[in-house]
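Spelled out, the chains give:
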4 protein chains.
Amino acid sequence: MDFRSDNVTGAHPKMIEALMGANQGTVSSYGEDPISERVTRKLSQIFETDCAVFPVATGSAANVLALSTMTPPWGAIFCHEASHIAVDECGAPEFFTGGAKLINLGGAGGKIEAKEIEAQGGAGKGVVHHVQPAAVSITQATELGAVYRQEEIAAIGQACKRHGLRYHMDGARFANALVALNRSPADLTWRAGVEALSFGATKNGALGVEAVILFDKTMAQEFEFRRKRGGHLFSKMRFLSAQLEAYLEGDLWLANARHANAMAKRLAEGLARLPGATLELEVEANEIFVRLPEAAIVGLERDGFRFNRWDGAQLLRLVTAWNTQAQAVDAFLAAAKRLLAANAA
Amino acid sequence: MDFRSDNVTGAHPKMIEALMGANQGTVSSYGEDPISERVTRKLSQIFETDCAVFPVATGSAANVLALSTMTPPWGAIFCHEASHIAVDECGAPEFFTGGAKLINLGGAGGKIEAKEIEAQGGAGKGVVHHVQPAAVSITQATELGAVYRQEEIAAIGQACKRHGLRYHMDGARFANALVALNRSPADLTWRAGVEALSFGATKNGALGVEAVILFDKTMAQEFEFRRKRGGHLFSKMRFLSAQLEAYLEGDLWLANARHANAMAKRLAEGLARLPGATLELEVEANEIFVRLPEAAIVGLERDGFRFNRWDGAQLLRLVTAWNTQAQAVDAFLAAAKRLLAANAA
Amino acid sequence: MDFRSDNVTGAHPKMIEALMGANQGTVSSYGEDPISERVTRKLSQIFETDCAVFPVATGSAANVLALSTMTPPWGAIFCHEASHIAVDECGAPEFFTGGAKLINLGGAGGKIEAKEIEAQGGAGKGVVHHVQPAAVSITQATELGAVYRQEEIAAIGQACKRHGLRYHMDGARFANALVALNRSPADLTWRAGVEALSFGATKNGALGVEAVILFDKTMAQEFEFRRKRGGHLFSKMRFLSAQLEAYLEGDLWLANARHANAMAKRLAEGLARLPGATLELEVEANEIFVRLPEAAIVGLERDGFRFNRWDGAQLLRLVTAWNTQAQAVDAFLAAAKRLLAANAA
Amino acid sequence: MDFRSDNVTGAHPKMIEALMGANQGTVSSYGEDPISERVTRKLSQIFETDCAVFPVATGSAANVLALSTMTPPWGAIFCHEASHIAVDECGAPEFFTGGAKLINLGGAGGKIEAKEIEAQGGAGKGVVHHVQPAAVSITQATELGAVYRQEEIAAIGQACKRHGLRYHMDGARFANALVALNRSPADLTWRAGVEALSFGATKNGALGVEAVILFDKTMAQEFEFRRKRGGHLFSKMRFLSAQLEAYLEGDLWLANARHANAMAKRLAEGLARLPGATLELEVEANEIFVRLPEAAIVGLERDGFRFNRWDGAQLLRLVTAWNTQAQAVDAFLAAAKRLLAANAA
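Numbering of residues begins from 1 in every chain and follows the order in which that chain's sequence is written. Here the convention is simple: chains get letters from A, ligands get numbers from 1, in the order in which they are written. Per-residue local features of the predicted model are confined to residues with pLDDT of at least 70, and side-chain atom pairs are confined, for both listing and counting, to 80 or more; whole-chain, interface and lining totals are unaffected and use all residues. Water and hydrogen atoms were dropped before computing side-chain values, which therefore reflect all heavy atoms in the structure.

The subject of this paragraph is the overall build of chain A. Counting from the N terminus, the helices are the DSSP runs of H or I reaching at least four residues and the strands are the DSSP runs of E reaching at least two. Looking only at helices and strands, chain A has 13 helices and 11 strands in total. With a 1.4 Å probe rolled over the protein chains alone, any residue whose accessible area is under 20% of its type maximum counts as buried; one over 50% counts as exposed, and the rest are partly exposed. Per-residue burial over chain A gives 64% buried out of 345 residues. Two residues qualify as a contact provided that any one of their heavy atoms is within 4.5 Å of a heavy atom in the partner residue. Within chain A, contacts between residues at least 6 apart in sequence are counted, and of these 75% link residues at least 24 apart. Surface accessibility in these figures is a Shrake-Rupley result with a 1.4 Å probe; residues are shielded only by whichever protein chains are displayed. Of the accessible surface of chain A, which amounts to about 11800 Å², a share of 49% is contributed by carbon and sulfur atoms.

Turning next to the side chain of Thr-139 of chain D. All names here are of chain D. With respect to the helices and strands, the residue Thr-139 is situated in strand E4 (residues 132–139). Judged by relative accessible area, which is 7%, Thr-139 ranks as buried. Setting aside its immediate chain neighbours within four residues, Thr-139 contacts Ser-83, Tyr-148 and Asp-170.

The subject of this paragraph is unusual backbone geometry. Note the cis peptide between Gln-140 of chain C and Ala-141 of chain C, where omega equals -15 degrees. By secondary structure assignment, the location of Ala-141 of chain C is in the loop between strand E4 (132–139) and helix H7 (150–163). Backbone geometry at Tyr-30 of chain A places phi at a positive 65 degrees, although glycine is not the residue there. You can call Tyr-30 of chain A partly exposed: its relative accessible area is 24%. Unusually for a residue other than glycine, Asp-251 of chain C sits at a positive phi of about 55 degrees. Among the structural elements, Asp-251 of chain C can be located in the loop between helix H10 (238–248) and helix H11 (252–272).

Here we come to the environment of Ala-201 of chain D. With respect to the helices, strands and loops of the structure, Ala-201 of chain D is situated in the loop between strand E6 (196–200) and strand E7 (210–214). Those residues in contact with Ala-201 of chain D that sit more than four places away from it in its chain are Ala-206, Val-209, Glu-210, Leu-244 and Tyr-247 of chain D.

This part takes up the sheet that holds strand E3 (residues 101–105) of chain B. Residues and elements named next belong to chain B. A pair of strands is considered paired only if DSSP assigns at least 2 bridges between the two. Spatially, seven strands are ordered E1-E7-E6-E5-E4-E2-E3 in an open sheet, and the strand pairing comes out mixed. Looking along the sheet, the strands with just one partner apiece sit at the ends: strand E1 (52–56) and E3. The average angle at which neighbouring strand axes cross in this sheet is 20 degrees, direction not considered. Packed on one face of the sheet, helix H9 (residues 220–229) meets E1 and strand E7 (210–214) and runs near 10 degrees to E1. Helix axes use the C-alpha atoms of the stretch in contact, all axes being lines fitted to C-alpha atoms, and the angles between their N-to-C directions lie in the range 0 to 180 degrees.

Moving on to the interface of chain B and chain C. Contacts between the two partners involve 19 residues from chain B and, on the opposite side, 19 residues from chain C. Computed with a 1.4 Å rolling probe, the buried area is the accessible surface lost when two parts are put together, summed over both parts. Surface buried jointly by chain B and chain C totals about 1600 Å² across both partners, of which 70% is contributed by carbon and sulfur atoms. When the buried area of chain B at its contact with chain C is split by residue, Trp-74, Phe-225 and Arg-229 of chain B rank highest and sum to 44% of it. Here, a salt bridge means any side-chain nitrogen of Lys or Arg that lies within 4 Å of a carboxyl oxygen of Asp or Glu. The tally of links between chain B and chain C comes to zero salt bridges.

Take the relation of the copies chain A and chain B next. We place the copies in one frame by least squares, fitting the C-alpha atoms of every residue whose pLDDT is at least 70 in both. Between chain A and chain B, which share one sequence, the superposing operator has a rotation angle of 180 degrees and an axial displacement of 0.0 Å; the RMSD is 0.0 Å. Within this description, the copies of the chain are treated as partners about a two-fold rotation axis. When the interface residues of chain A are mapped onto chain B, 100% of them again fall at the interface, so both copies present the same face.

For these two chains of identical sequence, chain B goes onto chain C by a turn of 180 degrees and a shift of 0.0 Å along the axis, with RMSD 0.0 Å. An overlap of 100% is found between the interface residues of chain B and their copies at the interface of chain C, pointing to a shared contact surface.

Residues and elements named next belong to chain B. Along the chain, the position of Leu-340 falls in helix H13 (residues 326–344). As a C-alpha pair, Leu-340 and Glu-294 span 46 residues in sequence and 10.0 Å in three-dimensional space. Ignoring sequence-local partners within four residues, the contact set of Leu-340 consists of Leu-274, Pro-275, Gly-276, Ala-277, Leu-292, Pro-293 and Ala-296.

Looking now at the interface of chain A and chain B. Chain A puts 46 residues into the contact, and the matching count from chain B is 46 residues. Surface buried jointly by chain A and chain B totals about 3900 Å² across both partners, of which 55% is contributed by carbon and sulfur atoms. The interface formed by chain A and chain B contains zero salt bridges. Here a polar contact is recorded for every N or O atom pair within 3.5 Å, except that within protein the pair must consist of a potential hydrogen donor and a potential acceptor, and residues adjacent in sequence are included only if both atoms are side-chain atoms. Summed over the shared surface of chain A and chain B, the number is 33 residue pairs in polar contact (both at pLDDT 80 or more). Looking at the side of chain A that touches chain B, the elements with two or more residues in it are helix H1 (13–22), helix H3 (59–70), helix H5 (92–97), helix H9 (220–229) and helix H10 (238–248) of chain A. Only Asp, Glu, Lys and Arg are considered charged, only Ala, Val, Leu, Ile, Met, Phe, Trp, Tyr, Cys and Pro nonpolar, and every remaining residue, Gly among them, polar. Of the residues in the side of chain A that touches chain B, the class split is 19 nonpolar, 17 polar and 10 charged.

Residue and element names in this part refer to chain A. Pairing of aromatic rings covers Phe, Tyr and the six-membered ring of Trp, with a centre-to-centre limit of 6.5 Å; geometry is then stacked below 30 degrees between planes, edge-to-face above 60, and tilted otherwise. For the structure on display, the rule yields 64 aromatic pairs over all chains. Both rings, one in Phe-174 and one in Phe-199, keep their centres 6.1 Å apart while their planes meet at 55 degrees; by these two values the pair is tilted. Of this pair, Phe-174 sits in helix H8 (residues 174–180) while Phe-199 sits in strand E6 (residues 196–200), and the two are 25 residues apart along the sequence. On the accessibility criterion, Phe-174 (0% relative accessible area) is buried.

Okay, the sheet that holds strand E10 (residues 308–309) of chain C next. Residue and element names in this part refer to chain C. Here four strands make up an open sheet; going across it, the order is E8-E9-E11-E10 and the pairing antiparallel. Strand pairing shows two members of the sheet lacking a second neighbour, strand E8 (278–279) and E10, which therefore form its edges. As defined by bridge partners, E10 adjoins strand E11 (residues 315–319) across two bridges and the pair is classed as antiparallel. Of the residues in E11, the one forming a bridge with Asn-308 is Arg-317.

So, on to the pairing of strand E5 (residues 166–171) of chain C. All names here are of chain C. With five of six residues buried, E5 is to be regarded as a mostly interior element. Assignment of crossover handedness uses the view with strands pointing away from the viewer, where a clockwise path from the first strand over the helix to the second indicates a right-handed crossover. In the classification by handedness, the crossover that spans E4, the intervening H7 and the parallel E5 is right-handed. In terms of strand pairing, E5 meets strand E6 (residues 196–200) through four bridges, oriented parallel. Across the sheet, the residue bridging to Gly-171 is Phe-199, located in E6. Tracing the backbone out of E5, into helix H8 (residues 174–180) and back to the parallel element E6 gives a crossover that is right-handed.

Okay, structure coming up:
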């Protein structure tokens, strides 16, 4: 009963079946295999546009390879102050870009606002003393479990256009966001101006694979050099692509995400009913932020539940995943109810 | 019947079984799982020393993360002019080190010689105008299929010591070299002065995993930041470590390498008997370099055999792998015999 | 009558005399000349400690060469959000460090506070996902014309020590700060924990020279490689050193700074007496920030006075320099008085 | 009597006069001053084309800022193995380009040959495993004192064009080469395909200034960001530009170079007449490479003559400069004659 993250889970069995299926005969290395080609075609169908697709193995790799293709070393990248690229990648964006600067923005729920980009997106443009606004990166769903609406994505896209900025989406939890909204993948990305997407699969059931999807294919050649040079080009690429194929096959990705979101909703609704528990943020995808008394937290830990204390205090982050069981959720809620009652007494 | 490379092959079935075995329950991410710990212990036993072990997914990543930990940006890295880091990594070593310079050395069979390091290893030391000798990287087995003897490795190690240079071994085909020599892993590495080893598994039966083994553990902390920052730290690390565990279990790695080498020997001996075929280099591991008349090459291609023309001409590189079948070797030999005879007529 | 910056001024005549004096015979290049040696000795006397001295030609070069020697690529550098390194160097610190991250802090008058370093200086230490606190950089005098007191510098120094952080001072206007305080150069730097100082001369009467002073000489060797590699090692170094020698000779640097500060005080006191003018910040060195009505600003511009609008609005930055004339100050005050009166009418 | 280098000399008196002349009143910083504008116009006249001109203070800065604008991080730069960028800049080109690779070529007298660029200029183009041919850099005059003829420069230019390579000239001693040939500056640069020139002045009489001249002005904007970010943008730019203005005024640069070359010729002709002295390379500009017996070398050193032993042995490099006196040359010749005779006896 582990709610620490969606990356503590294993892989969906179909992923490993797919690896077995891909393990036949010899094929050309480095992505010139039939599975990789099929994945590109499939994603082009799903996103309703001809796009360039590059599998990599980690979300950080996806983000920083994309961003380094989108900004010069003297560029500025606007992002949320709680975003993965700003906080959790040990400066990988700065390393891969050759020293670009991340401009941290605020915003409720981990979402930046278009008006901020409107206001700051042209700052210092052409003045040699200052880094040059170059790109915007948003996270869908955010690190805080919120989901950008289509019109929010598009408004930021328009601000990017006005200021000549590149537009990147970190979609480590793109599937969770997608199923939370009644919109198509195209509507939530390139039709709203997004030019590159880190399309996550690892957290949603893969062993370890993400696809960088470039909607603006003029960036593809540079991206390929950067991927190779970053040590991120796999010789036996078929084993990355096979995971992506299984992920998309029969809409497994959507089913996994729907399940994770449903478990989050079940957990959130249960917590909302408990006196002494306070949900800090609306639950839109698969993350719950809940504030509990210290005694209850300690009790839950003693009972074997695992989760992260956000910022080290009484605010917990609970993450559900593609394989979270309803009974685990219910067990957590029962334990919390019992502990909160004891605490109140 | 594909002899292009040992990376066009799939994975040994035990690798995928191991992934299935690892796919149980939740575990801590980023390498703090029990499988990763077991792999470190196992490699410490095999190498008879307490070492730091970091799984990564590509050989380039292993090499450049190690080298960037071993040389400052103003350092010089001595390597063979045909080495993977010099030729096949699109400048990844320069990128990860922050601009160090690779000094290309010659040497038969892709092997550099200790006397070169003796002679050049102190060049410009302390003079601010020149890059500073910092590290040596050798490849075992080499890109040309040769194998460094223990005394050769140790002689280079002594030269490194004399000049204060770090010592790295690119062991993408370490297993193939090991089984070709009657020496222990320890004898061929740290006892001969090697401080960091890129321990390859991908080419020898894994889906995609290499271990960076640091015999000098003082480099471990910096390495960890560099791995993360390079986007090479896997959240679901268990799936890399599981491959390594299966690779080592029951000496699968040695069996795979012995098979590949035996097939190379079978192929080389067969070719040596064919008039019109000239082996260019002694075959010590799993690579054969053979010169054939153009007509025979075209005939082999027409018959469906696949291989690389080395430098685009009549010198072929044939690579055998853990799963090369004797009948594929024999079929190649039969076809070559027939085509050479026809050509001679 | 130009108050835009202290870098729009020329050089003190003694500087050019010194160049003439240095222009005799041949001397060894790259800093191995007698003048450079004398400058090192002289600065060691002035700072009462044996220090390493490296002349460079720009303030940005001084800052980023020092900082890149003080932080690893995955390091974090704490600085004020208005500091030169954060705002005015086009990302040079990120470039030279190989992608370190600047953490912007607030603080009145452009000064950061020790308690911020105490609080944040250990954040994420040892956790591979986050950049690692590595250094603190303060600006003396600040971009906003404020001056750190000795005890403020020392308090930050203690916080650095507690968290194992390197400590840098951007002293582009060090002389102006020094003469504003009744303390020795040693008290305001290494005795308070500062390990590296960008000792400015350009803004205070030189043609173009700054000295990087390393109080911790263990950094000297790395610094030398970085300076060379940055293209900042001058062959005819005597011409940089000669400026520094003239700067220090007979305390010219202190006299110049005293004059600039006195002119700033005259200007500030005059403005304080004018109804309609609001001094935004206390004037401690040679910068004045004053808010005026738009009509008065336009009038001053029409009258030929030059200055910068801070953030493009009605807040003006006026900078005095080593050669600002009292009559220029008085003329500005007279014009401002007249225009404010007209505006009020 | 110092023949070590042309950078051990001081500056021409007109340079310092020019600094005095420029030291009037306030002017805009960072190159927006009238002197800088005049220098751009003057160089555009001299080179008979509208070009972008950027003063910097060192030759390394000029070279690496230009090259980093001309090649991507995954690019390869072809140069001579004895060139300054390859040997004497401590890896600055690798640093500024973000890790590009220098491909060392041979060639008599330090000159690379067009046929090498023809042969290698397309190697690996488009193949993601290899660095991508991006630029060629030649040195005029070379480190070995040779001078490229117009047709040699143009032939390399054509090879660049064929392969889509950028073309850079390191002209630290451009004036010495120019006066050795009966051609115009335009003929020897952009008309022969050169797109960027490091136009040296420091070795030929300045205190410290070089101009990067971009004949392809589309590179200018990127160059400006790189210059600032490299710490190479001077606030009091007038003092760099004033040197350049004096350098060009009344063809001082040509007179200085003619003098240095004449002194080299006098020295070379004298040495050619001495039995026991062997000129290793034809003397075309201001460098002489002469082989002498050890006893004579020691004797010359004892007599107070200074020079460099090339590669530490009996091959001497003697460099003449704008202010080398004929009597110093004659004294050297007389001493050499005497010592050689004694040695032969």
